[in-house]
Amino acid sequence: MKHSLTSLVAFCSTPPTPPLPLPDDDVPADMVAEESGPGAQNSPYQLRRKTLLPKRTACPTKSSMEGASTSATENFGHRAKRARVSGKSQDLSAAPAEQYLQEKLPDEVVLKIFSYLLEQDLCRAACVCKRFSELANDPILWKRLYMEVFEYTRPMMHPEPGKFYQINPEEYEHPNPWKESFQQLYKGAHVKPGFAEHFYSNPARYKGRENMLYYDTIEDALGGVQEAHFDGLIFVHSGIYTDEWIYIESPITMIGAAPGKVADKVIIENTRDSTFVFMEGSEDAYVGYMTIRFNPDDKSAQHHNAHHCLEITVNCSPIIDHCIIRSTCTVGSAVCVSGQGACPTIKHCNISDCENVGLYITDHAQGIYEDNEISNNALAGIWVKNHGNPIIRRNHIHHGRDVGVFTFDHGMGYFESCNIHRNRIAGFEVKAYANPTVVRCEIHHGQTGGIYVHEKGRGQFIENKIYANNFAGVWITSNSDPTIRGNAIFNGNQGGVYIFGDGRGLIEGNDIYGNALAGIQIRTNSCPIVRHNKIHDGQHGGIYVHEKGQGVIEENEVYSNTLAGVWVTTGSTPVLRRNRIHSGKQVGVYFYDNGHGVLEDNDIYNHMYSGVQIRTGSNPKIRRNKIWGGQNGGILVYNSGRSTCCNCTHVPVCTFFL
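How each quantity is defined
- Residues numbered from 1 in each chain as written.
- Predicted model: local features only at pLDDT ≥ 70, side-chain atom pairs only at ≥ 80, totals over all residues.
- Heavy atoms only, no water.
- Phe/Tyr/Trp six-rings, centres within 6.5 Å; stacked < 30°, edge-to-face > 60°.
- Helix = DSSP H or I, 4+ residues; strand = E, 2+ residues; numbered from the N terminus.
- Buried < 20%, exposed > 50% of the residue type's maximum accessible area, 1.4 Å probe, protein only.
- Lys NZ or Arg CZ within 6 Å of the ring centre and 35° of its normal.
- Pairing = 2+ DSSP bridges.
- Patch = residues over 30% accessible without salt bridge, like charges linked within 9 Å, V, L, I, M, F, W, Y side chains within 5 Å.
- Areas by Shrake-Rupley, 256 points an atom, 1.4 Å probe, with all protein chains shown as cover.
- Salt bridge = Lys/Arg side-chain N within 4 Å of Asp/Glu carboxyl O.
- Lys, Arg positive; Asp, Glu negative; His and termini not counted.
- Charge placed at Lys NZ, Arg CZ, Asp CG, Glu CD.
- Contact = heavy atoms within 4.5 Å.
- Polar contact = N/O pair within 3.5 Å; in protein donor to acceptor, adjacent residues only side chain to side chain.

Undergrad: Mind laying out the packing of aromatic side chains, listing which residues take part and the relevant values?
TA: Counting across every chain of the model gives 36 aromatic pairs. On the numbers, 5.4 Å between centres and 70° between planes, the contact of Tyr 146 with Trp 178 is edge-to-face. Taken together, the positions of Tyr 146 in helix α8 (residues 139–150) and Trp 178 in helix α9 (residues 177–185) put the pair 32 residues apart, joining distant regions of the chain. Looking at Tyr 146, the relative accessible area reads 0%, which means it is buried. An aromatic cluster is built from Trp 142, Tyr 146, Phe 150, Tyr 152, Trp 178, Phe 182, Tyr 186 and Phe 235, whose rings are joined through pairwise contacts. Positioned over the ring face of Phe 195 is Lys 192, at 4.6 Å from the centre of the ring.

Here's what the structure looks like:
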């Protein structure tokens with residue numbers, strides 16, 4: 001049997017009907033004499049006899065909440081037509097008692113009387129006259145009723161399915177948010193342990209609330225949804241609910257209801273199975289404003305491997321909102337989103353202090369994850385694996401006991417405007433053909449590196465701020481090939497970008513500065529493309545290519561570094577082309593210890609030492625460069641250094657053979 005809101009909606013949305021006048025011609029003589037007798041004018045409590053009063057027309061009813069938010073005050077002014085007698089309409093003044101009650105009784109007294117009414121009677125009172133309508137809509141009256149039913153100390157607005165938010169009443173644009181929220185939430189059933197028996201055994205006390213439903217357990221409330229006793233909005237009141245079997249396979253809405261910080265007061269936990277399991281059929285389900293815990297007695301037992309706080313399976317897309325999510329199990333993530341069509345929205349949640357992974361997205365799952373706090377988890381804050389492809393925006397991922405975000409085994413995803421910092425390993429790790437897109441994030445203060453791409457990892461890292469990490473801002477190794485574009489990479493405790501062990505990648509359009517070691521370091525057969533970067537003000541060199549490093553380094557601006565603008569050494573063979581290398585505090589380009597390569601079409605100027613130095617078995621090809629303004633010469637060749645130099649402009653040239 002569907003829950004009916006006819007009474008409350010009708011009286012909350014019907015304009016007030018003024019008292020109908022009684023025509024003079026119809027007043028019996030004895031009634032007139034009685035009213036005009038001695039003392040009649042002085043007695044405010046002289047009431048008309050019921051048998052002499054015309055019947056009032058009852059307020060019309062409605063069968064749904066459509067239009068229910070219109071208050072009696074807003075609709076006042078559409079007065080009912082006066083009763084007609086013999087084709088004429090005449091006014092009859094209200095009786096003194098009625099006039100006193102409606103017009104002269106002090107507001108404080110009327111409000112005190114109204115404070116004893118429940119919501120339906122209060123709406124009926126608002127139908128009497130304009131003054132009663134204004135007083136019956138007093139926010140204090142509705143706040144008392146609202147907190148008695150819902151417990152919230154701030155109105156919880158519910159303007160549309162899947163959307164809830166609390167407001168500060170004094171900042172709200174409408175005069176009575178308590179009443180507005182009451183109307184929006186009135187359809188819900190309530191889980192309030194121990195209250196159901198009291199409620200149903202006191203019908204007189206709760207007259208007018210007969211259509212409200214109360215349950216002792218969440219399982220009972222979910223059963224009520226299955227049996228169509230109500231429409232699926234469930235309020236879970238303050239308390240700890242343990243080991244309930246919560247499998248959701250319909251579009252229910254379940255929200256915590258408690259004073260103060262709601263999620264702290266409504267706690268749902270399980271010690272044996274996943275606390276919440278969303279299954280196919282829960283496409284539009286909503287769970288919000290509660291703490292969800294998985295707290296097994298044996299935290300390391302292998303049979304807990306498949307259990308989580310939240311388990312979201314194939315072909316469902318619930319909304320998880322404003323929840324605190326905790327798991328003490330060491331072998332399962334707090335939130336697991338798995339399977340084709342698994343596409344939740346998880347927002348404004350706190351996923352922290354878990355003994356494994358915080359959020360795990362795998363097996364082609366997707367979803368939107370926004371504005372979450374993810375911190376202090378034993379493993380990664382977020383894992384993305386096996387073609388998982390989430391959208392992750394504005395999350396705060398920090399102080400993890402492992403990596404911040406780990407994408408691997410073909411994991412993907414779009415990460416935007418996240419703040420990732422102070423994780424024990426890298427802020428962001430990419431491995432084994434993973435290919436995420438990371439845009440406009442801040443990745444900083446990592447206890448090791450900022451971004452770590454290895455074992456054929458890929459990815460696009462665009463317009464991020466990467467700074468103050470203990471090791472390199474970006475590490476690329478073992479045949480990985482990411483794109484690092486348009487980032488600011490600065491103030492690292494070691495290098496800016498470190499490419500080693502057959503690393504590849506496109507390093508393009510970045511601003512790399514203020515790092516303790518080289519802005520870009522290339523070594524051990526690595527061969528990146530480095531172009532259009534600004535590499536400056538480093539505490540070491542600008543670009544350092546060593547141990548058979550390679551790469552194409554072109555159209556960069558390298559300046560104001562403490563040591564050489566570019567170092568090439570130990571069998572390395574890069575191509576340096578069309579770069580501006582200037583204003584260094586030592587040499588511009590330095591080839592030594594069998595450093596080779598090609599130096600062509602560069603503009604090299606204004607260094608404290610020479611523009612180019614070549615020594616100890618090095619033999620680069622130098623052509624079409626402008627080398628000028630060096631305080632110690634243009635090209636300096638010494639200690640068995642050699643060079644093929646053609647079509648270069650350099651003044652002066654100092655060549656020594658030692």
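Undergrad: Kindly report on the pairing of strand β5 (residues 233–237), identifying the contributing residues and their values.
TA: Moving residue by residue along a regular strand, the side chains alternate between the two faces of the sheet. Buried residues dominate β5, accounting for five of its five residues. By the alternation rule, side chains of β5 split into Leu 233, Phe 235 and His 237 and Ile 234 and Val 236, which are all buried. As paired elements, strand β3 (residues 189–191) and β5 share three bridges and run parallel to each other. Of the residues in β5, the one forming a bridge with Ala 189 is Ile 234. Bridge analysis of β5 against strand β8 (residues 253–257) gives five bridges, and the strand direction is parallel. Counterpart to Leu 233 in the pairing with β8 is Thr 253.

Undergrad: Which residues make up a negative patch on the surface, and what values do they have?
TA: Taken together, the side chains of Glu 197, Asp 216, Glu 219 and Asp 220 define an acidic patch exposed on the protein surface. Relative to the assigned elements, Asp 216 resides in the loop between β4 (214–215) and α11 (218–226).

Undergrad: Break down the environment of His 322 for me, citing the residues and quoting the values.
TA: Tracing the chain through its elements places His 322 in the loop between β14 (319–321) and β15 (324–327). Taking the relative accessible area as the measure of exposure, His 322 reaches 28% and is therefore partly exposed. His 322 has contacts with Ala 263, Gly 288, Tyr 289, Met 290, Lys 347, His 348 and Cys 349, leaving out every residue within four places of it along the chain.

Undergrad: Explain the side chain of Ser 480 residue by residue, including any values.
TA: Tracing the sequence through the fold places Ser 480 in the loop between β34 (474–477) and β35 (483–485). Side-chain polar atoms of Ser 480 contact the backbone nitrogen of His 454, separated by 3.3 Å. Setting aside chain neighbours within four positions, we find Ser 480 in contact with Val 453, His 454, Glu 455, Lys 456, Gly 457, Asp 502, Gly 503, Arg 504 and Gly 505.

Undergrad: Pulling in residues and values, what's your account of the pattern of salt bridges?
TA: Here the structure, examined in full by the defined rule, presents 27 salt bridges. With its nearest N and O atoms 3.8 Å apart, the salt bridge here joins Glu 148 to Arg 144. Taken together, the residues span about one helical turn, with Glu 148 and Arg 144 both in helix α8 at a distance of four residues. The closest approach of N and O atoms between Arg 577 and Glu 554, which form a salt bridge, is 3.3 Å. Residue Arg 577 is found in strand β47 (residues 575–577), and its partner Glu 554 is found in strand β44 (residues 552–554); the two are separated by 23 residues along the sequence. The partly exposed category is assigned to Arg 577, whose relative accessible area is 23%. One network of salt bridges, with partners in common, ties together Glu 554, Glu 555, Arg 577, Arg 578, Glu 600, Asp 601, Arg 623 and Arg 624.

Treat this as a map of the structure, not an account of what it does.
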